[in-house]
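Geometric and topological summary
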Amino acid sequence: PDCKVDKLSFIGNGYCSGNKYNTEECGWDGGDCIEFNTKYPDCKVDYPSSIGNGRCTGGEYNTEACGWGGGDCIEFNTKYPDCKVDKLSFIGNGYCSGNKYNTEEC
């Protein structure tokens, strides 16, 4: 009754929706976010289901608090430790994206 969200169907659907859904009032998204909250208590991202999904999202997801994207970013960070860009998928995708993507670090 105290859970105020736009889409009640997101509660308990198997995906940690985060934000307003990942609250005590919403039962930590109907239990969907309990594992995430336990593993990454200091990770505050909009889409927790992007953590550990097999794709390095980068940005705030690629932090120690978020377990380097739930492990998804470890290979990227090892290969490009000094590459700081917004769209990690642009690196090594076969296209020259230019600017900060076309540097020795990346």
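Residues numbered from 1 in each chain as written. Predicted model: local features only at pLDDT ≥ 70, side-chain atom pairs only at ≥ 80, totals over all residues. Heavy atoms only, no water.

**Description of the state of the cysteines**
For clarity, the cut-off: When two cysteine sulfur atoms lie within 2.5 Å, the pair is treated as a disulfide. Put simply, DSSP H or I for four residues or longer makes a helix, DSSP E for two residues or longer makes a strand, and each gets a number counted from the N terminus.
Enumeration over the complete set of coordinates arrives at five disulfides. One disulfide in the model links cysteine 3 with cysteine 26; its S-S distance is 1.9 Å. For the disulfide bridge between cysteine 3 and cysteine 26, the dihedral angle about the S-S bond is near 95°, and by the sign convention the bridge is right-handed. Taken together, the residues span a long stretch of sequence, with cysteine 3 in the segment before helix H1 (27-30) and cysteine 26 in the segment before H1 at a distance of 23 residues. By sequence order of its bonded cysteines, the protein has the disulfide arrangement 1-3, 2-4, 5-7, 6-8, 9-10. The thiol of cysteine 96 is unpaired, and the distance to the nearest cysteine sulfur, on cysteine 106, comes to 12 Å.

**With respect to the pattern of salt bridges**
Stated formally: Any Lys or Arg side-chain nitrogen found within 4 Å of a carboxyl oxygen on Asp or Glu counts as a salt bridge. Here the term buried applies to any residue with accessible area under 20% of the maximum for its type, exposed to any over 50%, and partly exposed to those in between, with areas from a 1.4 Å probe on protein chains only.
Across all of its chains, the model carries three salt bridges by this definition. With a shortest N-O distance of 3.7 Å, lysine 20 and aspartate 6 are connected by a salt bridge. A residue pair is termed long-range when its members are at least 10 positions apart, and lysine 20 in the segment before H1 and aspartate 6 in the segment before H1 qualify at 14 residues. For lysine 20, a relative accessible area of 44% puts it in the partly exposed group. Of the charged contacts, one joins lysine 39 and glutamate 35 as a salt bridge, the two residues approaching to 3.8 Å between their closest N and O atoms. Residue lysine 39 and its partner glutamate 35 are located together in helix H2 (residues 34-39), separated by four residues, close to a single helical turn. The exposure classification of lysine 39 matches that of glutamate 35, with both residues exposed.

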